[in-house]
Amino acid sequence: TCTIERLKPNTVYHVRAYAKSSTGISYGNDISFTTQPHSRAAIVAGAYHSLALTTDGRLWEWGSTGEWYLDEDYNDAYREFIYPTLRGFGYSEIAAGGGYSLALKTDGKLWAWGLNGWGQLASGANWDLFSPEEVGTVYSTIAAGSNHALGLTTDGKLWAWGGNNYGQLGDGSL
């Protein structure tokens, strides 16, 4: 995961996002935003997708989200957002893992979507979520690994969930 932080206040930034479709065609689009005092903007990269958080709380996503669907000929295919797609408003922090995404709203509620084979979405279920859904509350910061995630609650408790095949949850088990 890659995050760009420490942007200067009251500055206009331009992000150019490019993606390559499954047919090999490259597409691009620009996102522009102006930082505000005490605001936070971020860009994170997952395995096959990227997220951008603007200082006004807009969340953008592009690339492959790991969503399977049937195309018009009933063949399995991946859904790809070749242009940045607005995923919502009111977000304060983002994290991208291996085919899934996490985002905090300004009220501390955790939203998740994408692949969930290891329980990395914290949804309490084992199926994938194809659009952002609320899965938790009271978080102050989040982080996403390949197939596990971490969240620090507003009262200082660290939670870990998802895959644990290398001990990444820190609970002493594998």
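Just so we're clear, the structure is a prediction, and the values are computed from it rather than from any experiment. (Residues numbered from 1 in each chain as written. Predicted model: local features only at pLDDT ≥ 70, side-chain atom pairs only at ≥ 80, totals over all residues. Heavy atoms only, no water.)

1. A closer look at the environment of Gly-114
Reasoning step 1: Along the chain, Gly-114 falls in strand S9 (residues 110-114).
Reasoning step 2: Spatially, the C-alpha atom of Gly-114 lies 9.8 Å from that of Ala-96, the residues being 18 residues apart in sequence. (Helix = DSSP H or I, 4+ residues; strand = E, 2+ residues; numbered from the N terminus.)

2. Quick notes on the sheet that holds S9
Reasoning step 1: The antiparallel open sheet is built from four strands, whose spatial order is S7-S8-S9-S10. Of all the strands in the sheet, just strand S7 (91-96) and strand S10 (129-136) have a single pairing partner and so form its edges. Direction aside, neighbouring strands of the sheet carry axes that sit 20° apart on average.
Reasoning step 2: Judged from the five bridges that link them, S7 and strand S8 (residues 100-105) form a sheet pairing that is antiparallel. The residue of S8 that forms the bridge with Tyr-91 is Lys-105. (Pairing = 2+ DSSP bridges. Axes fitted to C-alpha atoms, helices over the stretch in contact; angles between N-to-C directions.)

3. Observations concerning the sheet that holds strand S11 (residues 139-144)
Reasoning step 1: Spatially, three strands are ordered S11-S12-S13 in an open sheet, and the strand pairing comes out antiparallel. Lying at the two open borders of the sheet, with one neighbouring strand each, are S11 and strand S13 (158-162). The sheet shows a mean angle of 20° between the axes of neighbouring strands, direction not considered.

4. What to know about the nonpolar core
Reasoning step 1: With 23 residues, the main nonpolar core has Leu-51, Leu-59, Ile-94, Leu-102 and Leu-110 as its most contacted residues.
Reasoning step 2: Where this core is concerned, the elements lending two or more residues are strand S3 (42-45), strand S4 (49-53), S7, S8, S9 and S11.
Reasoning step 3: Leave out the neighbours within four places in its chain, and Ile-94 touches Ala-42, Val-44, Leu-51, Ala-52, Leu-53, Leu-59, Leu-102, Ala-103 and Ile-142. (Core = buried A, V, L, I, M, F, W, Y, C linked by side-chain atoms within 4.5 Å. Buried < 20%, exposed > 50% of the residue type's maximum accessible area, 1.4 Å probe, protein only. Contact = heavy atoms within 4.5 Å.)

5. So, the pattern of salt bridges
Reasoning step 1: Evaluated as defined, the whole model comprises four salt bridges.
Reasoning step 2: The residue Asp-56 makes a salt bridge to Arg-58 at a minimum N-O spacing of 3.0 Å.
Reasoning step 3: Linking Lys-109 and Asp-107 is a salt bridge whose minimum nitrogen-to-oxygen distance equals 4.0 Å.
Reasoning step 4: The class of Lys-109 is partly exposed, set by a relative accessible area of 30%. (Salt bridge = Lys/Arg side-chain N within 4 Å of Asp/Glu carboxyl O.)

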